[in-house]
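So the chains spell out like this:
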2 protein chains.
Amino acid sequence: MSERKLIAIEDPADPRIAEFSQIRERDLTGRAGGFIAEGTVVLRMLAAAHGAGLGIRAEKLLLLRNRVEGVADLLAAFPEDVPVYVAETPVLDAIAGFHLHRGVLALGRRDGGGSVDALVGALPQEALVLVGCGISNHDNIGALFRNAAGFGADAVLLDETCCDPLYRKALRVSVGSVLTMPYAREGSSEALLGRLAAAGFAIWALSPGGEVEIGEIAPEGRMALVMGTEGEGLPQAILTRFHTARIAQMPGLDSLNVGTASGIALYAMAKAMGRLPG
Amino acid sequence: MSERKLIAIEDPADPRIAEFSQIRERDLTGRAGGFIAEGTVVLRMLAAAHGAGLGIRAEKLLLLRNRVEGVADLLAAFPEDVPVYVAETPVLDAIAGFHLHRGVLALGRRDGGGSVDALVGALPQEALVLVGCGISNHDNIGALFRNAAGFGADAVLLDETCCDPLYRKALRVSVGSVLTMPYAREGSSEALLGRLAAAGFAIWALSPGGEVEIGEIAPEGRMALVMGTEGEGLPQAILTRFHTARIAQMPGLDSLNVGTASGIALYAMAKAMGRLPG
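Residues numbered from 1 in each chain as written. Chains lettered and ligands numbered in written order. Predicted model: local features only at pLDDT ≥ 70, side-chain atom pairs only at ≥ 80, totals over all residues. Heavy atoms only, no water.

- An unreviewed UniProt entry lists chain A under the name tRNA/rRNA methyltransferase SpoU type domain-containing protein, with Ciceribacter selenitireducens ATCC BAA-1503 given as the organism.

## Quick word on the pattern of salt bridges
So, step 1. The final tally for this structure, using the stated rule, is 30 salt bridges over all chains.
So, step 2. As a salt-bridge pair, Lys271 of chain A and Glu213 of chain B come within 2.6 Å of each other at their nearest N and O atoms. One end of the pair, Lys271 of chain A, is in helix 10 (residues 258-272); the other, Glu213 of chain B, is in strand 10 (residues 212-213), on a second chain.
So, step 3. Between Arg57 of chain B and Glu59 of chain B there is a salt bridge, with the nearest N and O atoms lying 2.9 Å from each other.
So, step 4. With relative accessibility at 21%, the residue Glu59 of chain B sits in the partly exposed group.
So, step 5. One network of salt bridges, with partners in common, ties together Arg57, Glu59, Arg109 and Asp111 of chain A. (Salt bridge = Lys/Arg side-chain N within 4 Å of Asp/Glu carboxyl O. Helix = DSSP H or I, 4+ residues; strand = E, 2+ residues; numbered from the N terminus. Buried < 20%, exposed > 50% of the residue type's maximum accessible area, 1.4 Å probe, protein only.)

## Considerations on the interface of chain B and chain A
So, step 1. In this complex, chain B contributes 34 residues to the contact, which on the side of chain A involves 34 residues.
So, step 2. Inspection of the chain B/chain A interface yields six salt bridges.
So, step 3. Between Lys271 of chain A and Glu216 of chain B there is a salt bridge; the shortest N-O distance is 4.0 Å.
So, step 4. Looking at the side of chain B that touches chain A, the elements that each hand over two or more residues are helix 6 (138-150) and helix 10 (258-272) of chain B.
So, step 5. Here the side of chain B that touches chain A gets six residues from one element, more than from any other, and that element is helix 10 of chain B.
So, step 6. When grouped by side-chain class, the residues that make up the side of chain B that touches chain A number 15 nonpolar, 11 polar and eight charged. (Contact = heavy atoms within 4.5 Å. Nonpolar A, V, L, I, M, F, W, Y, C, P; charged D, E, K, R; others polar.)

## A short note on the sheet that holds strand 6 (residues 127-132) of chain B
Residues and elements named next belong to chain B.
So, step 1. Strands sit in the order 8-7-6-11-9-12-10 across an open sheet of seven strands; the sheet is parallel. Two strands close off the open sheet at either side, each with one partner strand: strand 8 (183-185) and strand 10.
So, step 2. Examined bridge by bridge, strand 7 (residues 155-158) and strand 8 share three bridges and lie parallel to one another. Across the sheet, the residue bridging to Leu157 is Ala184, located in strand 8.
So, step 3. The strands touched by helix 8 (residues 189-198) are strand 6, strand 7, strand 9 (202-206) and strand 11 (222-227); relative to strand 6, the strand with the most contacts, the crossing angle is about 170°.
So, step 4. The sheet strands contacting helix 10 are strand 6, strand 9 and strand 11, and the helix crosses strand 11 at an angle near 165°. (Pairing = 2+ DSSP bridges. Axes fitted to C-alpha atoms, helices over the stretch in contact; angles between N-to-C directions.)

Written out as C-alpha cells, the structure is:
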C-alpha cells in the first residue's frame, strides 16, 4: 500500500476546507448539494458507495492528525484523487466551530437523487419499501434508513415534509445506510402513495388504531409500509384511503418511537415475505 | 379547581431553585438522589407516579411564566404542597445555563430504588423482564424503558455499568416510563443473571449470532431478555452460560440499534407469551 498523500491545513480559514467550517450552522442552512459524513463507520459506507453507481461520491476528507495512523485502511478505500486534509486539534475545532470528538470527516455529494417515479419504476416485482411522511426529526430519519437496510428493504420513499436524510446527524444515526439505500424525497404523501398504488403496491399505513395487527398481514408481491410522525401520526386522508396496521402493545401509553415501530414493522413484514435468512 | 399558588423567581441564584441551576453540568456530576424531569409528557408521568407507592415523589416545579396557562391541568395533578416556581425566559435561561425550549421542569426524587433481590422476589410467577448490560448511552437506556412499558414488561434490571435511567435525557427518551416501570440497577451482569436464573427465569441473551431466532423461542412462565451494548455486544461468558437469541436480519451490516432490537425482542416475546392485546 503506497503512503497516502496528506495535505496539512494550518489556517482554519483555508478555502480548501471551507465546506467544513461552522458545521452546525451549515447543517441548518444547507450545503448546496454537499453533505458531511463523520466517523469511521459512515466514512466506510461512503468509500463503498463512491463509484458504485449510486450517484454518491466523496469529494474530500478532513482528519485530525492523530487519527491518521488508526484509519490508514479506511483512507486506502478512497481513490487517490480524493484529497485528504489533516489538521491539529485547535485548528480542526476552529474550523468546525466546536470540539469534534471523532476527528474524521468527509465532504460527499449525491448527484440528482432520482425522482420517486424513476425509483418506483426500477423496483423489482417482489419488493418491500418503507415510506416516511412528515418525519422531521433527524434521529428518526436515520433510524428509518438503518432499519430499512437491516431488514433488506428495496427503497425508502420520503415525502417533501421529511427532513433531508443526508443531514449529518441523520447520516450518522443511519450508520451510513443513507448512502447505500436507494431513496427519493419528493412531493406530497398523497402523490407518493398514489404512485406506489398505481405500481401495484399493497399500502399499509402504521397507526396505533390500525385495523390489522402487523403480524397478521398476508404479504403480497409488492408491499409498502408507511410511517408518520410520533405526535400526530398519519393524516386521516391516508388512513382512510389505504390499509392500516397496528403493532400490538399495551393500551393507554404513548405509542412507540417511530424508529422502533419501523423496525418492528419491517421485521414482521420481511419475515412474512420470506426475505430474511432464518 | 382552585387557583394554583405560583412563586415568582427573579434572581437566577435564588436558593429555592438551586437544584435547577446549570442543568447540563449537573447531569454529568449527579444530583445526590434528585432528578430533573422536563416537558409535559414526563411531568404527567411524574404526577401519576407521585404517591403511587413507587418510591417516586415530586419536590418542586419550575416553569416558564408563559407556559403556566397552557399546563393548568398538569399543575392540578400535583399536590398543593409541591411548590410551583415561575420565571421569565431570561431568568430561566440563566438558571439552566442554556435556552430551555420546553420551559417545564420538575425536581423529583426516587427513594431507595430497591435491590435486585427485592425486585426479583416480588415478580409474579408469569413474568417478562428486560435486562440491560453495559448500556451507557442515555438514549438507549431511555428506549429500553419506553419499549419495556409499551410491551408490558414487569421490570427492567440493569447492571452497575449501565447509566442512570433517571438522567434527564434518558427520562425524556423513555417518555417518563422510568418513573412507573419497576427497576433496579445494581451489581455485575453475572450476579444479576444468576439471581434471575435462581428464581426460575429462562434467560435469553440477544446477539447477532444467537442460536435461536427470536420468533422461534418457546416461551416459559418467567422470561428474561438480555441486551448488551451495540459495539461490543454481551460478554462471551454470558453468551456461553445462557441461551442466545438472534433477530433475523440481512447479513453483513452493522447490527440493529439496541433500542430497536429491544423493541423487536419484547414485541416477539410478549406476543408469544400471550401478554398483548390482539
